[in-house]
Amino acid sequence: IAEQGGLTLQGAKSWAERVLQKAAEDSDDSDDDDNAEGFLVFEASGPKAKGRARVFSSELERSAKFPLEPGAIILERGDLDDEAREFNKRRLRGDRVPQEEHDALIGRRKVDRLADGVEFLDDWLLRQVGFEEVHTHVILESPIHPDEVELHVDSSVGPAPPAHTCLRDIELDSDADSEDDDDPDDGTGAYADYFHRRLSAHLPRECVRGVDPRDLGDAGNDEMRGAFQALQQGHPPQPEDAEVVELRLLNAAFAVPDIESDEGTEDTSWKEHRAEKIPPVPSWEGYFSAAAELLYYSPQVKADYAPFLARCVGSRKVAWNFFEALYFRTIPEAIASINLGTETRPFAQTRSIAYQPPGGGPLFRRCAVQSKIPVRAPPLERCLKARGSNPPRTWISGMADRLQKAGCSELVIAVQKWFRESVEYLLTDPKDADEEGDYFAAWLRACHREIWDDIDRSDPAELRRKEWVASQAHPKNKKKRHQLRHITIPGITEAFNEFSKFDPAKRTSTMRERVLAKIIVDAFQLRLVDMSMVFAIADAVLASPSDKPVVILLYAGEDHSRSVADFWRKRGFASSGLPGKGQIGKNDWEDEDPRGLDFPAYLRDVRNLFPVPK
């Protein structure tokens, strides 16, 4: 990276720090200068002599082909925690780190932190649950448990047909952006998953509930995946994928033959191998869940909801009829509200595993990437439904129905109204409404690639607010700046106007149409999670003993937590009597800010919450 002579060893260290921090600032690969890693090689004639310093990338490996001078010193800049550094290296390599090892690592750190006076959230919560004077429930942004659903099979409907040509003609997956390569998002290293596992192991099943429907049938936990598979017992086996059969009969080769292997592809992650071994069980939630994955984490994967919205849905009004029927009424009512007949079902696939090269010729096979797109077609033949529902309902519709029968009709009506208002707000002006900036980042990447490739996009929320951004290629040249103020994202009405002009029978979708379709689908799923949390809170209160105060802990991302809190605040909840209006910590954190929270007395012992402050 750099070379400098005439330095002492201490001077070389300081110089190397500056070089690596500058390299991190100039690179898209890191948004945290403190994490700049690399090697310093220092060569001098004696212990105190000045010498030559060279800085190398941390990605390089040592090689005997390039011997160093005798007495050369090699220093590595990185995490001083050897255990954490090794764990992260394995994770970023794509290795599957066992959950037991991950949990043991956190357990050891908890002991050390407790000696410093810091208690982890799981230990704090287990203490609170031990108080007999209050009844405590925990609601998590985690997968729904398999015992809340069952399999519905419609024998009158055949398996999904092969995808339409407009999906087969879509280009092959592109290379991931460098920042995507940095973290494979393999599901390890997250405290949230550890938190869920620990609480599930120590608390009664009825006190801990995962309420994120987007992973329904496709849980990251192997035990839960097996339990979802067990729901298919006693039913006819799932028909083999029509495209798999077709490509096998054609003896189609992989479109990228150098990655082909007996188990799929050499570059395929362990998640993909797991999806092949224990495939997801189809669900409507799983069919729509890919929108978030494709927008936020895997934009290089080519998949498309635009043909579905153009041919099967067709208008904003129909979209609302469909999703409200799916989430508040029955699955047959939802299906009947859109056009999913024999001629249109091929357009409803989100991805084809067949690839038709430009100009025709034989079909090739592309990777299914089932770990990112768990359900490629609307699950008409079979899907997971709310346990005991008949006619079949989705999981959340089943909970809404149960709450209505328990006397909470007013609440269900209020939630449905709030859901519509929240989604409409998000889709009227997606750039302005999405404060996190994720939609705007996805829009820039898809529709303004020349800008995306030339700017610092490490903070989408800040990017969304900017009028101008500097060019990374010409950072000091104002004439090379990029204007972002006038770049907008069409709202849902304008989007369906665009889809009305798109005929998927004649061409593939544009990048603009694809990303717009994903944003529309994702907005409904995003607020679906919020709605699930509200219903789960009400469900928990109904299940609690009437002679005890009830404490509910919602552990979720900031966007969901804020949305749910806003709903209950409008229903009469308040922060009266609590310091700081009941908020601890802050909304915006810098990278170097410690995340420890100093709990007030009413949280150190939740019994102090009662009687409720006036």
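Rules of the game
- Residues numbered from 1 in each chain as written.
- Predicted model: local features only at pLDDT ≥ 70, side-chain atom pairs only at ≥ 80, totals over all residues.
- Heavy atoms only, no water.
- Helix = DSSP H or I, 4+ residues; strand = E, 2+ residues; numbered from the N terminus.
- Rg over C-alpha atoms; globule rule 2.2 N^0.38 Å.
- Buried < 20%, exposed > 50% of the residue type's maximum accessible area, 1.4 Å probe, protein only.
- Contact = heavy atoms within 4.5 Å.
- Areas by Shrake-Rupley, 256 points an atom, 1.4 Å probe, with all protein chains shown as cover.
- Lys, Arg positive; Asp, Glu negative; His and termini not counted.
- Charge placed at Lys NZ, Arg CZ, Asp CG, Glu CD.
- Arc of directions from axis to C-beta.
- Disulfide = S-S within 2.5 Å.
- Salt bridge = Lys/Arg side-chain N within 4 Å of Asp/Glu carboxyl O.
- Pairing = 2+ DSSP bridges.
- Axes fitted to C-alpha atoms, helices over the stretch in contact; angles between N-to-C directions.

S.K.: Please provide a residue-by-residue account of the overall build of the chain, values included.
M.R.: Looking only at helices and strands, the chain features 24 helices and 15 strands. Relative to a compact globule of 614 residues, whose C-alpha radius of gyration would be 25 Å, the chain shows 27 Å and is just as compact. Structurally, the chain occupies a C-alpha span of about 85 × 75 × 50 Å along its principal axes. The buried share among the 614 residues of the chain stands at 44%. Sequence separation of at least 24 residues holds for 76% of the intrachain contacts in the chain that already meet a minimum separation of 6. Split by element, the accessible area of the chain, about 31300 Å² in all, is 50% carbon and sulfur. Distance between charge centroids for the chain: 3 Å, based on 82 positive and 110 negative side chains.

S.K.: Kindly report on helix H21 (residues 492-500), identifying the contributing residues and their values.
M.R.: By the burial criterion, the buried members of H21 are Ile492, Ala495, Phe496, Glu498 and Phe499. Looking down the long axis of H21, one finds its buried residues gathered within 155° of arc, a one-sided arrangement. Elements that come into contact with the buried residues of H21 comprise helix H12 (306-313), helix H13 (316-328), helix H16 (409-428) and helix H22 (511-543).

S.K.: Give me the lowdown on the state of the cysteines, citing residues and values where you can.
M.R.: All chains considered together, the criterion is met by 0 disulfides. The structure places no disulfide on Cys383, whose sulfur is separated from the nearest cysteine sulfur, that of Cys312, by 17 Å. Owing to a relative accessible area of 2%, Cys383 belongs among the buried residues under this scheme. Its sulfur unpaired, Cys408 is 19 Å from the next cysteine sulfur, which belongs to Cys207.

S.K.: Outline the pattern of salt bridges, listing residues and values.
M.R.: Under the defined criterion, the tally for this structure stands at 58 salt bridges. Note that Arg376 and Asp241 form a salt bridge whose closest N and O atoms lie 2.8 Å from each other. On the criterion of sequence distance, the pair formed by Arg376 in the loop between strand S11 (364-365) and strand S12 (382-386) and Asp241 in the loop between helix H8 (222-230) and helix H9 (242-249) is long-range, its members being 135 residues apart. On the basis of relative accessible area, Asp241 is assigned to the partly exposed category, the value being 27%. For Lys417, the salt bridge goes to Glu421, with nearest N and O atoms at 2.6 Å. Here Lys417 pairs with Glu421, and both are found in helix H16, just 4 residues apart, close to one helical turn. A single salt-bridge network, built from bridges that share partners, covers Glu435, Glu436, Arg527, Asp530, Glu558, Asp559 and Arg562.

S.K.: Explain the sheet that holds strand S2 (residues 38-44) residue by residue, including any values.
M.R.: Strand pairing in a sheet relies on backbone hydrogen bonds. The paired strands run either parallel or antiparallel. Strand order in the open sheet formed by 4 strands is S1-S3-S2-S4, with antiparallel pairing between adjacent strands. Each edge of the sheet is formed by a strand with only one pairing partner; in this case those strands are strand S1 (2-7) and strand S4 (73-77). Pairs of neighbouring strands in the sheet enclose a mean axial angle of 20°, with direction left out of account. Looking at chain direction, S2 and S4 are connected through 5 bridges and run antiparallel. Bridge pairing in S4 links Phe42 to Ile73.

S.K.: Any details on the environment of Ala252? Residues and values, ideally.
M.R.: Checked against the element boundaries, Ala252 lands in the loop between H9 and strand S8 (260-261). The exposure class assigned to Ala252 is buried, which follows from its relative accessible area of 18%. Distance in space between the C-alpha atoms of Ala252 and Leu363 is 6.3 Å, their sequence separation being 111 residues. For Ala252, the contacting residues outside a window of four places in its chain are Leu247, Leu363, Phe364 and Arg365.

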